[in-house]
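Residue strings, one per chain:
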Amino acid sequence: MNDSTVWWLVTGFLVAAELMTGTFYLLMLAIGAVAAALAAHLGAGLTPQLVSAAAVGGLAVVLWRQKSLRREAKVPTELHLDIGETVQVSAWDAQGTAQVKHRGANWTAICPSSPTPAPGPHRIRAIEGSRLVLEKI
């Protein structure tokens, strides 16, 4: 069995594994295996085949990850179900944060709209990481 046949079998295996997992990363590695198969068809040795598989597959994985991160960054936070809910703030600390209870869990809250926030009811305006951004009602 020649090198190109082995690379095409590897490509088929990676595509089949991708169909079972659905992550698209194995598909990117399969693209690298296709590059190695094409290098084998062109008569390249084993080292250039491996390098082309690693370079093309690795680059495809990195580009796919970057695309995924950009797509996740564009998702508006307004889709979060907690936006618009109200919470009760009993006291603010010196750093301008408060501990509030929301949905049975303790959250750290900030109120950037007011330099000296007051206790009382607040509305959740956004969520930044694990912190609630509040506005006074």
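In case you missed it, the structure is sitting above this.
Right, let's walk through the structure included here. (Residues numbered from 1 in each chain as written. Predicted model: local features only at pLDDT ≥ 70, side-chain atom pairs only at ≥ 80, totals over all residues. Heavy atoms only, no water.)

Some points on helix 2 (residues 25–41)
Consideration 1: With 17 residues, helix 2 extends 25 Å from end C-alpha to end C-alpha; this agrees with the ideal 24 Å at 1.5 Å per step.
Consideration 2: Among the residues of helix 2, those classed as buried are Met28, Ala30, Gly32, Ala33, Ala35, Ala36, Ala37, Ala39 and Ala40.
Consideration 3: Of the surrounding elements, those touching the buried residues of helix 2 are helix 1 (3–21) and helix 3 (46–73).
Consideration 4: Count one or two residues on from helix 2 and you reach Gly43, which has phi positive near 90°. (Helix = DSSP H or I, 4+ residues; strand = E, 2+ residues; numbered from the N terminus. Expected span 1.5 Å × (residues − 1). Buried < 20%, exposed > 50% of the residue type's maximum accessible area, 1.4 Å probe, protein only. Contact = heavy atoms within 4.5 Å.)

Comments concerning the pairing of strand 1 (residues 86–89)
Consideration 1: In strand 1, alternate side chains face the same way, and those of Val87 and Val89 are buried while those of Thr86 and Gln88 on the opposite face are not.
Consideration 2: Bridge count for strand 1 against strand 4 (residues 120–128) is four bridges, and the pairing is antiparallel. Considered in strand 4, the bridge of Val89 is made with Gly120. (Pairing = 2+ DSSP bridges.)

Some thoughts on the pattern of salt bridges
Consideration 1: Evaluated as defined, the whole model comprises one salt bridge.
Consideration 2: Notably, a salt bridge pairs Arg103 with Asp82, separated by 2.7 Å at the nearest N-O pair. Of this pair, Arg103 sits in the loop between strand 2 (97–102) and strand 3 (105–110) while Asp82 sits in the loop between helix 3 and strand 1, and the two are 21 residues apart along the sequence.
Consideration 3: For Asp82, a relative accessible area of 5% corresponds to the buried category. (Salt bridge = Lys/Arg side-chain N within 4 Å of Asp/Glu carboxyl O.)

Details of the nonpolar core
Consideration 1: Val87, Val89, Trp92, Ala98, Val100, Trp107, Ala109, Cys111, Ile124, Ile127, Leu132 and Leu134 together form the largest nonpolar core, which totals 12 residues.
Consideration 2: Of all the elements in the fold, those that place two or more residues in this core are strand 1, strand 2, strand 3, strand 4 and strand 5 (131–136).
Consideration 3: Formed by eight residues, the second largest nonpolar core is a distinct cluster that contains Leu14, Ala30, Ala37 and Ala53. (Core = buried A, V, L, I, M, F, W, Y, C linked by side-chain atoms within 4.5 Å.)

Regarding the side chain of Asp82
Consideration 1: One polar contact links Asp82 to His102, side chain to side chain, over a distance of 3.2 Å.
Consideration 2: There is a polar contact of 2.7 Å between the side chain of Asp82 and the side chain of Arg103.
Consideration 3: Filtering out sequence-adjacent residues up to four positions away, Asp82 remains in contact with His102, Arg103, Ile124 and Ile127. (Polar contact = N/O pair within 3.5 Å; in protein donor to acceptor, adjacent residues only side chain to side chain.)

Here's the deal with the environment of Ala44
Consideration 1: For Ala44, the position within the fold is in the loop between helix 2 and helix 3.
Consideration 2: For Ala44, a relative accessible area of 27% gives the class partly exposed.
Consideration 3: Each C-alpha atom, one on Ala44 and one on Pro119, is 72 Å from the other, the two residues being 75 residues apart in sequence.
Consideration 4: Not counting residues up to four positions away in its chain, the partners in contact with Ala44 are Ala39 and Gln49.

So, unusual backbone geometry
Consideration 1: Phi at Phe24 takes a positive value of approximately 75°, unusual for a residue other than glycine.
Consideration 2: Look at Phe24 and you get partly exposed, because its relative accessible area is 39%.
Consideration 3: Look at Arg103: it is not a glycine, yet its phi comes out positive at around 55°.

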